[in-house]
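Working through the structure, step by step
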Amino acid sequence: MLNDLQKDLLTELVNVYVGQAANMLSEIVEKRIVLNIPEVELISISDVDPGDRRYNIFFSEGHLFRSSLQFGYEFQGKAFLMFPVEQAKVLANICLGELSESVIPDDPDLMDTDLDVLKEVSNVLLNAIIGEFGNFLEIKLEYVLPDIELIYVTNSDQQILLQNEVYVLVLHTSFLLADTDVTGIIVIALSMNSISSLLAKMDALLEADHG
Amino acid sequence: MKVLIVEDSIFVQKLLTKLIVDHIPACEIQVANNGEQGYNLFTEFQPDLITTDLLMPGLNGQEMLRKIRETNRHVKIIILSADIQKTTKEEVELLGISGFLNKPLTAEKATTMIELIQAACHAE
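Residues numbered from 1 in each chain as written. Chains lettered and ligands numbered in written order. Predicted model: local features only at pLDDT ≥ 70, side-chain atom pairs only at ≥ 80, totals over all residues. Heavy atoms only, no water.

**Remarks on the overall build of chain B**
Short version of the rule: Secondary structure follows DSSP: runs of H or I at least 4 residues long count as helices, runs of E at least 2 residues long count as strands, and numbering of each begins at the N terminus. Relative accessibility under 20% of the residue-type maximum defines a buried residue, over 50% an exposed one, and the middle range a partly exposed one, all with a 1.4 Å probe and only protein chains included. Should any heavy atoms of two residues lie within 4.5 Å, those residues are considered in contact. All accessibility values rest on the Shrake-Rupley procedure with a 1.4 Å probe; residue burial counts only the protein chains present in the view. For this count, His and the chain ends are skipped, Lys and Arg are scored as positive, and Asp and Glu as negative. By convention, the charge on Lys lies at NZ, on Arg at CZ, on Asp at CG and on Glu at CD.
The number of helices and strands found in chain B is five helices and five strands. The order of helices and strands in chain B, counted from the N terminus, is β-α-β-α-β-α-β-α-β-α. Dimensions of chain B, computed from C-alpha atoms along their principal axes, come out at roughly 30 × 30 × 25 Å. Taken across its 124 residues, chain B has 52% of its residues classed as buried. When contacts within chain B are restricted to residue pairs at least 6 apart in sequence, long-range pairs at least 24 apart make up 63% of them. As displayed, chain B offers around 5,600 Å² of accessible surface, 50% of which is attributable to carbon and sulfur atoms. Put simply, chain B has 12 plus and 17 minus side-chain charges, and the middle of one group is 2 Å from the middle of the other.

Structure representation (structure tokens):
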């Protein structure tokens, strides 16, 4: 769906935005964040091959912590941040470090305090990325309060994970907290109109740069 | 000095409360979980300064700010929000705020927050 120039520019933009988000997370947990070089794709979920391992997050079974932030109106969609539950627990424990009375290191279950922290972390991270898209497009985005869910995803559930969203901007970037195994994935589902707006803005920028 | 913290995250409430108490022990602090509680506490508690999030359930921070400014132009207000959009910052600045900080509350921003509170305190 993207030509080479568009993919290059979008990767560059996302690289910066995810870098900022990772920097924010780094500030929250006071640990270095290792970023993989992002691969950015604009795909239709219905066209994705479930056997493609890059899309395991959509098609593999398991317990997930999922946070989502819905945004609109001119640029409309929903951004997701997903962690396996046990990694979400590690992240919450790291964030709660100073408030040690709240942390029970050997307890694998997420408590209300963990969920509160994870919601706040997700809010900061997703705002960092989506807000910069708003700044890039020079439009005002309205946010709906972020949702958090603990879900057990079965194969049959996968097809409805991102229901009602036709196209998905997949940021294959995963961030890795130094000295831990916490990795997460960010997925942004966009409406067709929003994709058109984004492509139009990128094309205008590319035309200005390359004539 | 009386400070009202309006914030839906208990984690951030605790961080802010600890920060303020550690630096300005004489501060009297009250906490609200959303804009509606925040507005009610504003009328009862009559704080000198309010720190508020923007995206909150029910009445959000901007709506609370507008309601407060309808009757009070003087109370100092500092925004602490994850929203990094320039348009958001411009909108709330029109309503008269003393500062806008983006989350997360790093050590550097915590220092700025304390300086803003102290400046507001001395401006009285």
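**Remarks on the packing of aromatic side chains**
Put simply, the rule is: Two rings from Phe, Tyr or Trp (for Trp, the six-membered ring) form a pair when their centres sit within 6.5 Å of each other. Planes less than 30 degrees apart are called stacked, planes more than 60 degrees apart edge-to-face, and all others tilted. Look at NZ for Lys and CZ for Arg. If either is within 6 Å of the ring centre and within 35 degrees of the ring normal, a charge sits over the ring.
Under the counting rule described, the total for this entry stands at five aromatic pairs over all chains. Between Tyr39(B) and Phe42(B), the aromatic rings sit 6.1 Å apart at their centres with planes inclined by 40°, giving tilted as the arrangement. In this pair, Tyr39(B) and Phe42(B) are both assigned in helix α2 (residues 35-45), three residues apart and thus about one turn of the helix distant. Of the residues examined, Tyr39(B) reaches a relative accessible area of 16% and is grouped as buried. Among the aromatic residues, ring-to-ring pairing joins Tyr17(A), Phe71(A), Phe75(A) and Phe133(A) into one connected group. The ring of Phe45(B) carries the charged tip of Lys2(B) above its face, separated from the ring centre by 5.1 Å.

**As for the environment of Leu101(B)**
Residues and elements named next belong to chain B. Structurally, Leu 101 is set in strand β5 (residues 99-102). When its relative accessible area of 9% is taken as the criterion, Leu 101 is described as buried. Each C-alpha atom, one on Leu 101 and one on Met 64, is 18 Å from the other, the two residues being 37 residues apart in sequence. When near neighbours in sequence (up to four residues on either side) are disregarded, Leu 101 contacts Ile 79, Leu 80, Ser 81, Lys 109, Thr 112 and Met 113.

**A word on the pairing of strand β4 (residues 76-81) of chain B**
Residues and elements named next belong to chain B. Applicable threshold: Here, strands pair whenever DSSP counts at least two bridges between them. For crossovers, right-handed means that the path from the first strand over the helix to the second runs clockwise, given strands pointing away from the viewer.
Taking burial as the measure, the six residues of β4 include five buried ones, the bulk of the element. With four bridges connecting them, strand β3 (residues 49-52) and β4 associate as parallel partners. Residue pairing across strands places Leu 49 opposite Lys 76, the latter belonging to β4. Note on the crossover from β3 through helix α3 (residues 61-71) to β4: the handedness is right-handed. With four bridges joining them, β4 and β5 adopt parallel strand pairing. When the bridges of β5 are listed, Ser 81 appears paired with Asn 102. Between β4 and its parallel partner β5, the chain crosses via helix α4 (residues 86-94), and the hand of that crossover is right-handed.

**With respect to the side chain of Asn127(A)**
Turning to its location among the elements, Asn127(A) is positioned in helix α4 (residues 112-137). Excluding residues within four positions of it along the chain, Asn127(A) makes contact with Leu69(A), Ser122(A), Glu132(A), Tyr143(A), Ala82(B), Asp83(B) and Ile84(B).

**What to know about the nonpolar core**
Burial of nonpolar side chains together is a common tendency in soluble globular proteins. Where we set the bar: We call a set of buried residues a nonpolar core when its members are Ala, Val, Leu, Ile, Met, Phe, Trp, Tyr or Cys and they connect through side-chain atoms within 4.5 Å of each other.
Grouped together as the largest cluster of nonpolar side chains are 81 residues, with contacts concentrated most on Leu91(A), Phe133(A) and Ile188(A). Broken down by element, this core gets its largest block of residues, 13 residues, from α4(A). Setting aside residues no more than four positions away along its own chain, Phe133(A) makes contact with Leu10(A), Val14(A), Tyr17(A), Phe75(A), Leu169(A), Ile188(A) and Leu198(A). Ala32(B), Leu65(B), Ile79(B) and Leu95(B) belong to the second largest nonpolar core, which has 21 residues in total.

**Considerations on the confidence of the model for chain B**
Applied cut-off: pLDDT expresses, on a scale from 0 to 100, how confident the predictor is about each individual residue.
A residue-level look at chain B finds 98% of positions with pLDDT of 70 or above and a mean pLDDT of 93. Overall fold confidence (pTM) sits at 0.82, and the ipTM for the predicted complex is 0.78.

**Points about the packing of α4(A) against helix α1 (residues 10-23) of chain B**
What counts, and what does not: Axis lines are fitted to C-alpha atoms, over the contacting stretch for helices. Their N-to-C directions set the angle, which ranges from 0 to 180 degrees. Angular relationships are summarised with four words: roughly parallel below 35 degrees, roughly antiparallel beyond 145, roughly perpendicular across 65 to 115, and oblique for the angles in between. Note that Gly is not counted as nonpolar here; it falls among the polar residues with everything else outside the nonpolar set of Ala, Val, Leu, Ile, Met, Phe, Trp, Tyr, Cys and Pro and the charged set of Asp, Glu, Lys and Arg.
Where α4(A) meets α1(B), the axes come as close as 8 Å, and the angle between the chain directions of the two elements is 85°. With respect to their mutual orientation, α4(A) and α1(B) come out roughly perpendicular. Residues Asp116(A), Val117(A) and Glu120(A) of α4(A) form the contact with α1(B), whose participating residues are Ile10(B), Phe11(B) and Val12(B). In the contact of α4(A) with α1(B), the residues fall into four nonpolar, no polar and two charged.

**As for the interface of chain B and chain A**
The cut-off we apply is this: Once two parts are joined, some of their accessible surface, as seen by a 1.4 Å probe, is lost; buried area is that loss totalled over both. A pair is scored as a salt bridge if a Lys or Arg side-chain nitrogen falls within 4 Å of a carboxyl oxygen belonging to Asp or Glu.
Taken residue by residue, the interface counts 24 residues in chain B and 27 residues in chain A. A combined buried area of about 2,000 Å² lies between chain B and chain A, and 61% of that area is made up of carbon and sulfur atoms. Linking chain B to chain A there are one salt bridge. Among the secondary structure elements, those contributing two or more residues to the side of chain B that touches chain A are α1 and α4 of chain B. When residues in the side of chain B that touches chain A are grouped by element, the largest group, five residues, is from α1(B). Considered class by class, the residues forming the side of chain B that touches chain A number nine nonpolar, six polar and nine charged.

**Digging into the sheet that holds strand β1 (residues 2-6) of chain B**
Residues and elements named next belong to chain B. Ordered in space as β2-β1-β3-β4-β5, the five strands form an open sheet in which the pairing is parallel. In this open sheet, the two strands that pair with only one neighbour each are β2 (28-32) and β5. This sheet shows a mean twist of 15° between the axes of neighbouring strands, independent of strand direction.

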